[in-house]
Amino acid sequence: MILPPFKLYKPRNIDEALEVLEERGDEVVVFAGGTKIMLLMQWGMARPNYIMDIKSLGLNHVKYEDGKLTVEAGVTLNELIDNEVIRERFSLLYETIKSIADDIIRNKATLVGNIVDAAPYATAVPAFLLLNGKAVLRSKEGTREVGGLDFFVDIMKTAQKPNELVIAIQFDEIKGKAKFLDFKGDSLFSVVNVAAIKYSQDGHDLVKVAITGLTNKPVIVDFSDQYAESKGNVDAFLRKAREYIRSEYKTEVIADARASANYRLHVTSVLVSRTLEVVVHE
Amino acid sequence: MYIGKSIYRVDSLEKVTGRALYVFDMELPGMLYAKLVRSTEAHAKIKKINIERARTYPSVVAVITGEQLREYKVGIYVADRNMLAWDKVRFIGEPVAAVIAETEEAAERAAELVDVDYEPLPVITDPERAFEERAVLIHENLGKYDYYRGYINPIPNTNIANKFVLRRGNIEDGFSKSEMVIENNFTEDMMNHVYMEPMSVIAQWLPDGTLEIWTSAQSPFAVRYLTAKALHIPESKIIVHVPYVGGGFGGKAGVNFEPLVAMLSKMVGGRPVKLALSRYENFLAAPSKVGVRAWVKTGVTKDGKIIAWQARYIVDSGGYADYAVNVGRTMGYIGAGVYDIPNIYVESYTVYTNKPYATAFRGFGVLEAHWVIERQIDIIAHKLGMDPFELRLKNIVRPGSSLSMGQRVDKGNGDLEQCLKMAKDLIGWGKLGEKVDDYTYRGKGLALSIKGPSVPANNAAQAFVRLNEDGTIDVSIGTTEIGQGTLTSIVQIVAEEFGVPTDRVRIDTFKDTSKSAYTWQTVGSRSLFYDGNAVLAAIADAKDQIRKIAARVFNVEPSDIEIRNGKVFARNNPSSALDLKDIAMGYTLPNGNTIGGPIMGRGYFNRPDLTVLNENGQGNPFPFVTFGAHAVEVEIDVLTGRVKVLRYVTVFDVGKAINPELVKGQMIGGTIMGISYALYESLKFDEGGALLNPNLIDYKVIRSNNIPSDIITIILENPDTYGPYGARGIGENAMLGVAAAIGNAIYNAVGVEVHELPMTPERVWRAIKEQRPELLEGW
Amino acid sequence: MSEPPELVTIRIKVNGVERELQVRPHERLLDVLRDRLHILSVRGSCEQGSCGLCTVLVNGIPMKSCMVLAHEVDGAEITTVEGISNLGEITLLQRKFIEHFAFQCGFCTPAFVLVGHYLLNKHKRLLTREEVAEGISGLICRCTGYKPIIDAIVDASREMYGKNV
């Protein structure tokens with residue numbers, strides 16, 4: 001098949017890119033790796049009027065400074081896998097990225113793209129949420145940052161405005177234990193993605209879980225209280241965590257061709273239990 | 001010399017360098033491109049098709065609708081299909097119009113501009129409902145269609161395209177004598193072949209009225225025959241070319257878009273027109289594999305003798321009958337597979353539903369039947385408290401007994417018991433499965449299989465063998481190269497018989513029906529058996545001609561002539577030998593006189609003793625059967641229901657492995673495709689008949705990181721009575737028992753019976769929840 | 001704001017030959033290779049980035065060309081299977097494919113050869129079966145069951161870079 005025709009902007013610097021977005025933001029699809037929009041076009045689900053390729057803007061740096069990681073919009077997934085800082089200091093991200101697509105797609109797809117698409121099966125969003133991820137948004141008006149659940153407004157919709165470009169995503173280095181698991185049934189896309197983390201803050205243990213694919217919007221669950229109450233009885237804690245997931249999301253859970261509501265809810269509780277088990281293990 | 005050696009494939013260099021030619025890649029001068037407009041309704045009358053906007057789109061040459069082709073009906077066994085839907089559509093994806101343009105892009109854009117007005121009709125997607133339904137008819141004119149009488153039995157005023165019944169002994173008697181009766185239901189979802197080369201056809205008409213077709217198809221002579229029939233023209237006016245085929249697996253076995261593309265070309269003055277489907281279109285508009293709803297009831301004695309076997313299959317053929325009616329028929333007459341049972345009653349109903357239609361698929365009904373048979377055998381064993389291995393040993397056919405359809409089994413069919421015992425030993429058959437940790441269990445399962453080609457009794461193969469001036473040899477057969485590699489084995493046979501190196505033998509890898517030797521179809525694992533024998537006959541004929549000439553040269557009787565190591569000599573004087581090249585064109589005497597002329601041997605092969613099946617489905621249908629055994633070890637994560645195949649043992653008695661690596665290739669390929677079929681692959685439809693996963697993201701095909709780390713292939717060689725060098729077919733066989741072996745292993749691991757294919761994680765989890773909830777306590 | 005140009009000029013080197021082409025924005029690298037340059041070993045078998053038969057090397061890195069727009073590779077070197085050996089010769093890896101019967105219908109073979117070629121060059125050492133299986137998991141082969149392909153690539157790495165380990 002041939003793709004539907006569109007017009008192409010190829011700005012040479014960020015100012016030019018922002019000009020385009022200011023004028024035509026709601027008709028323009030931003031294209032770095034482009035794996036999502038290419039797929040949507042092949043599926044006949046998107047016919048953008050304009051595509052703006054941002055690969056000439058020089059946004060291909062990975063910076064680590066003062067416990068903060070900045071991944072710019074053009075950095076591919078394999079570039080991150082090959083990056084020592086990611087492997088050694090951001091194991092949750094590393095584990096997450098290795099689960100996305102396959103080795104060849106990872107030569108093209110970007111981390112920022114995976115997060116800003118806000119698809120229910122977006123693999124990297126749980127890590128974004130648990131590592132205090134912030135999207136750096138720039139427009140002609142200036143720069144702002146939006147992080148956490150605030151960034152995810154609805155299914156496939158983020159807080160990014162039509163005249164804004166996501167320049168980079170920032171993550172905090174969190175010294176603790178983290179684990180990522182996804183579940184793919186009979187599809188290449190995940191049914192559900194789960195990340196868990198445990199770290200100390202002001203003398204307390206914080207235990208959190210982030211999930212995509214369970215409901216229309218990503219979910220963060222703070223299990224710190226239940227963990228504290230369990231007083232080291234891991235089995236009891238995990239059982240409580242599973243029960244919580246099963247009861248809390250019973251009505252919101254998505255049902256689709258990839259998994260029924262019942263099964264999806266169950267598998268989520270299994271992955272939550274398994275990731276928590278790893279991070280609370282002494 | 002060459003038989004039994006793994007000679008490198010003759011198509012090796014072309015394929016590893018990317019030079020191999022497929023129709024998908026072909027371009028002819030002046031070629032136009034066709035794109036299909038497909039139905040968006042599952043069952044509807046076509047009221048009006050608006051083609052104006054498409055017809056006037058730049059570069060568009062013509063827009064054709066079903067109205068212009070309504071006189072032509074296509075069908076392999078039942079002529080139930082219009083090339084383009086005319087009065088009504090029967091599935092979402094059915095072609096209703098075709099746009100022909102100078103470029104592919106223009107054809108695609110213009111196709112989007114065709115508007116169709118439909119009047120929806122009630123939709124039937126469930127095959128069991130289709131079977132019962134009398135008010136809503138998908139083919140209301142079923143009673144008026146031409147069909148292959150005596151072979152297929154459509155039932156007018158129903159949605160039943162074919163009813164087949166197999167009877168043996170007395171089933172009521174069998175059950176009355178049984179001490180235990182076990183009944184079960186099994187299902188199989190529709191599946192897609194996912195051959196990597198999408199369906200592709202090019203057609204043009206030559207000025208003298210000859211139709212020339214290039215097609216990615218398994219059976220060029222069937223394409224010629226069925227296209228001639230569909231278009232009401234003589235076969236001599238059609239030439240079908242087939243280069244390399246990028247996979248078929250039964251999906252390209254019969255006739256598909258060739259008649260349509262031929263007519264499209266005709267309607268633009270005979271210019272070459274190409275139709276190459278996209279993967280999405282291939283899922284919708286090209287045929288898939290049948291779905292099945294099965295019920296089986298078995299009567300046994302307490303000590304494990306099976307004495308009654310009754311089954312009913314409802315076979316989902318989608319919107320048209322195509323090859324699926326014969327798949328359904330075969331599912332019936334394979335009966336109880338490898339088991340020797342005195343009383344059998346099997347009914348098989350192939351039904352229409354409003355879904356993409358189905359065609360042949362590797363295994364051809366025998367595949368689907370084995371899921372049912374080999375699972376039922378294990379369940380019987382569990383209920384009797386018997387070892388599934390022992391139950392099988394007690395009930396398998398042995399030389400002297402006969403298969404369910406009455407065909408006798410003897411030593412010349414191979415050693416099933418040896419296959420079973422080897423598989424059992426190599427997998428390390430033990431007791432109940434082991435528990436690896438709290439939620440991970442391992443188990444082992446066995447299955448047996450049998451298949452022969454499901455062919456008309458008179459199907460045949462032909463071969464030509466021709467000597468060249470330099471003493472090299474050309475051989476021609478009708479089998480296409482669809483990946484199976486039979487052509488290499490044939491080269492080995494010719495090389496062996498003449499005693500020349502394989503690189504001095506050339507085979508026609510591409511087919512041309514006006515030049516190649518004939519074979520019925522490249523299906524059913526029949527190719528090496530039929531074409532190999534035809535080649536041996538052709539070689540014998542060529543040798544006859546050589547002997548007659550050499551006899552005069554050496555002044556002896558033809559029976560005194562030997563042909564060996566590329567040389568021709570009189571037995572009593574081997575040192576005075578001629579090279580093949582000295583006789584290839586006849587022998588020229590010093591004075592210029594010639595003895596004989598250019599040597600060309602021809603031969604054919606068929607089995608004159610095959611019979612059709614009588615009204616009880618009894619007869620002698622199989623030219624050969626291949627027995628095999630499957631054993632698997634799986635690991636199950638009960639919390640997610642995910643099944644992983646750890647080790648697989650596949651044992652087949654192929655009679656003779658002319659090229660062991662090629663045989664192994666089919667065994668491994670068939671096993672892996674079998675695992676994919678068992679665990680992942682399913683066409684998912686909603687109630688309205690829309691296919692929800694017409695792509696390779698949501699239709700999961702097994703990949704390199706899902707295969708078992710351990711696959712043991714064992715080739716047994718107890719020769720076939722009729723096979724060339726004793727060889728039997730293998731192409732489909734390795735896939736047949738995989739699903740059941742895995743289902744059986746799941747029971748061994750966690751004591752849970754799964755009855756649905758594919759055994760997806762969700763289905764396995766559900767089965768565990770229902771049958772052994774204690775394994776999931778707290779989860 | 002002005003409309004962007006209808007055509008984009010790209011300069012690419014394909015299998016060692018420099019090319020200058022005018023492409024429309026929605027033309028994919030797959031379309032350019034097949035329809036303009038008639039390099040037919042690169043095949044769009046799913047056109048959605050899942051089967052991998054369209055894989056080519058872009059500056060030595062494998063990419064699925066159905067997911068790459070032609071303008072994206074301006075200035076790049078593209079390698080297809082036709083570019084890894086000269087006419088009349090085949091690489092050691094290709095020979096291993098033949099020896100291990102690592103193909104049947106052959107439609108996917110160019111893609112697997114290219115990715116195998118990439119894995120050998122990237123690691124330059126003996127490869128494990130697991131890393132080869134992972135490395136080629138973006139490609140589908142329907143005929144062989146993958147095992148002989150993995151055998152061929154591992155064997156090539158052994159012969160090129162490692163002895164018995």
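Up top you'll find the structure we're talking about.
Residues numbered from 1 in each chain as written. Chains lettered and ligands numbered in written order. Predicted model: local features only at pLDDT ≥ 70, side-chain atom pairs only at ≥ 80, totals over all residues. Heavy atoms only, no water.

Trainee: Mind showing me how you'd approach the interface of chain A and chain C here?
Mentor: The parts lose accessible area when they come together, and the size of an interface is often stated as this lost area. Chain A puts 32 residues into the contact, and the matching count from chain C is 29 residues. The three residues of chain A that bury the most area against chain C are L8(A), I104(A) and N107(A), which together make up 22% of that side's buried surface. At the junction of chain A with chain C, the criterion picks out five salt bridges. Where chain A packs against chain C, one counts 17 residue pairs in polar contact (both at pLDDT 80 or more). If you list the elements that add at least two residues to the side of chain A that touches chain C, you get β1 (7–9), α1 (14–24), α2 (35–42) and β3 (50–53) of chain A. (Contact = heavy atoms within 4.5 Å. Buried area = accessible area lost by both parts, 1.4 Å probe. Salt bridge = Lys/Arg side-chain N within 4 Å of Asp/Glu carboxyl O. Polar contact = N/O pair within 3.5 Å; in protein donor to acceptor, adjacent residues only side chain to side chain. Helix = DSSP H or I, 4+ residues; strand = E, 2+ residues; numbered from the N terminus.)

Trainee: Just to check I follow, could you spell out the interface of chain B and chain C for this structure?
Mentor: The partner chain C presents 47 residues to the 55 residues of chain B that form the contact. Contact between chain B and chain C buries roughly 4,100 Å² in total, counting both sides, with carbon and sulfur atoms accounting for 60%. The largest per-residue losses of area from chain B upon contact with chain C belong to V16(B), M196(B) and R703(B), which jointly make up 18% of the total buried on that side. For the pair chain B and chain C, the number of links is four salt bridges. At nine residues, helix α16 (residues 660–679) of chain B tops the list of elements feeding residues into the side of chain B that touches chain C. Its residues placed into classes, the side of chain B that touches chain C shows 24 nonpolar, 18 polar and 13 charged. (Nonpolar A, V, L, I, M, F, W, Y, C, P; charged D, E, K, R; others polar.)

Trainee: How do you make sense of the sheet that holds strand β33 (residues 642–653) of chain B when you look at a structure like this?
Mentor: Note: strands within a sheet are paired through backbone hydrogen bonds, in either parallel or antiparallel orientation. Residues and elements named next belong to chain B. Spatially, β20-β21-β32-β33-β34 is the arrangement adopted by the five strands of the open sheet, whose pairing is mixed. Two strands close off the open sheet at either side, each with one partner strand: β20 (434–437) and β34 (710–716). Strand-to-strand twist of the sheet, defined as the mean angle between neighbouring strand axes without regard to direction, takes the value 25°. In terms of strand pairing, β20 meets strand β21 (residues 440–451) through three bridges, oriented antiparallel. What sits directly across from D437, in β21, is T440. Here helix α18 (residues 738–750) sits on the sheet and contacts β21, β32 (626–637) and β33; the angle it forms with β21, its principal contact strand, is near 150°. (Pairing = 2+ DSSP bridges. Axes fitted to C-alpha atoms, helices over the stretch in contact; angles between N-to-C directions.)

Trainee: Looking at this structure, I do not really get the packing of aromatic side chains. What am I missing?
Mentor: Think of a pair of aromatic rings as described by two things: how far the centres are apart, and how the planes are tilted against each other in angle. If you walk through the whole model with that rule in mind, you get 38 aromatic pairs over all chains. A ring pair is formed by Y323(B) and F364(B), whose centres lie 5.4 Å apart and whose planes are at 90°; its orientation type is edge-to-face. Highlighted residues: Y323(B) in the loop between β17 (306–316) and α9 (324–333) and F364(B) in the loop between β19 (358–359) and α10 (366–384), separated in sequence by 41 residues. Among the residues examined, Y323(B) registers a relative accessible area of 2% and is labelled buried. Residue classification places F364(B) among the buried residues on the basis of a relative accessible area of 8%. Chaining the aromatic ring pairs together yields one cluster made of F223(A), Y227(A), F237(A), Y244(A) and Y249(A). When the ring centre of Y151(B) is taken as reference, the NZ or CZ atom of R329(B) above it lies at 3.8 Å. When the ring centre of F389(B) is taken as reference, the NZ or CZ atom of K424(B) above it lies at 4.5 Å. (Phe/Tyr/Trp six-rings, centres within 6.5 Å; stacked < 30°, edge-to-face > 60°. Buried < 20%, exposed > 50% of the residue type's maximum accessible area, 1.4 Å probe, protein only. Lys NZ or Arg CZ within 6 Å of the ring centre and 35° of its normal.)

Trainee: Would you take a moment to explain the pairing of strand β2 (residues 44–50) of chain B for this structure?
Mentor: Walk down a regular strand and you will see the side chains alternate between the two sheet faces. Residues and elements named next belong to chain B. Note: β2 against strand β6 (residues 88–89), two bridges, orientation antiparallel. Its bridge partner lying in β6, A44 is registered against V89. Of the pairings in the sheet, the one linking β2 to strand β8 (residues 115–120) comprises six bridges and is antiparallel in character. When the sheet's bridge partners are listed, N50 is paired in β8 with D115.

Trainee: Any chance you could explain the nonpolar core here in plain terms?
Mentor: The biggest cluster of nonpolar side chains holds 313 residues, and the ones touching the most others in it are L276(A), F257(B), W309(B), Y313(B), F498(B) and I742(B). For this core, the element with the most residues is helix α14 (residues 527–554) of chain B, which contributes 13 residues. The next biggest cluster of nonpolar side chains, apart from the first, holds 61 residues, and it includes L69(A), L77(A), I81(A) and L129(A). (Core = buried A, V, L, I, M, F, W, Y, C linked by side-chain atoms within 4.5 Å.)

Trainee: How should unusual backbone geometry be read in this particular structure?
Mentor: In most cases, non-glycine residues show a negative phi, while peptide bonds are predominantly trans. Each neighbour pair has its own omega, and for L757(B) with P758(B) the value is -5°, a cis peptide bond. With respect to the secondary-structure elements, P758(B) resides in the loop between β35 (756–757) and α19 (761–771). The phi dihedral of A101(A) is positive, around 50°, even though this residue is not glycine. Positionally, A101(A) belongs in the loop between α5 (91–98) and α6 (111–116). With phi around 55°, N132(A) is a residue other than glycine that occupies positive phi space. Tracing the chain through its elements places N132(A) in the loop between α7 (125–130) and β6 (134–139).

Trainee: Quick question: what am I supposed to make of the pattern of salt bridges here?
Mentor: Two side chains carrying opposite charge are able to pair once their charged atoms lie near each other. All names here are of chain B. Applying the stated criterion to the full structure yields 90 salt bridges over all chains. Residue R647 is joined to D710 by a salt bridge in which the shortest nitrogen-to-oxygen separation is 3.9 Å. Highlighted residues: R647 in strand β33 and D710 in strand β34, separated in sequence by 63 residues.

Trainee: Is there a simple way to explain the packing of helix α11 (residues 388–395) of chain B against helix α12 (residues 416–427) of chain B in this structure?
Mentor: Each pair of packed helices can be summarised by the angle the axes make with each other and by the distance between the axes. All names here are of chain B. The contact between α11 and α12 brings their axes to 11 Å, and the two run at 170°. The pairing of α11 with α12 is recorded here as roughly antiparallel in orientation. Contacts from F389, R392 and L393 of α11 reach α12 at E417, L420, K421 and K424. A breakdown of the residues in the contact of α11 with α12 according to their chemical character gives three nonpolar, no polar and four charged. (Parallel < 35°, antiparallel > 145°, perpendicular 65-115°, else oblique.)

Trainee: What am I meant to see in the side chain of T713(B) here?
Mentor: Take T713(B): it is sitting in strand β34. With near-sequence residues (within four places) excluded, T713(B) lies in contact with T650(B), K664(B), M667(B) and I668(B).

Trainee: What exactly am I supposed to notice about the packing of α16(B) against α18(B) here?
Mentor: All names here are of chain B. Packing of α16 against α18 leaves a shortest axis separation of 8 Å and a crossing angle of 55°. With respect to their mutual orientation, α16 and α18 come out oblique. Between α16 and α18 lies a crossing of right-handed hand. Contact residues: G670, T671, G674, I675, Y677, A678 and L679 in α16; V738, A739 and I742 in α18. Its residues assigned to classes, the contact of α16 with α18 shows seven nonpolar, three polar and no charged. (Left-handed = near helix turned anticlockwise from the far one by under 90°.)

Trainee: Would you explain the side chain of N693(B) in this entry?
Mentor: All names here are of chain B. Note on placement: N693 falls in the loop between α16 and β34. For N693, a relative accessible area of 2% puts it in the buried group. Side-chain polar atoms of N693 contact the backbone nitrogen of K684, separated by 3.0 Å.

Trainee: For this particular structure, what's the right way to read the sheet that holds β2(B)?
Mentor: Read across the open sheet, the three strands follow the order β6-β2-β8 (chain B); overall the sheet is antiparallel. Looking at strand neighbours, the two that pair on one side only are β6 and β8 of chain B, the edges of this open sheet.

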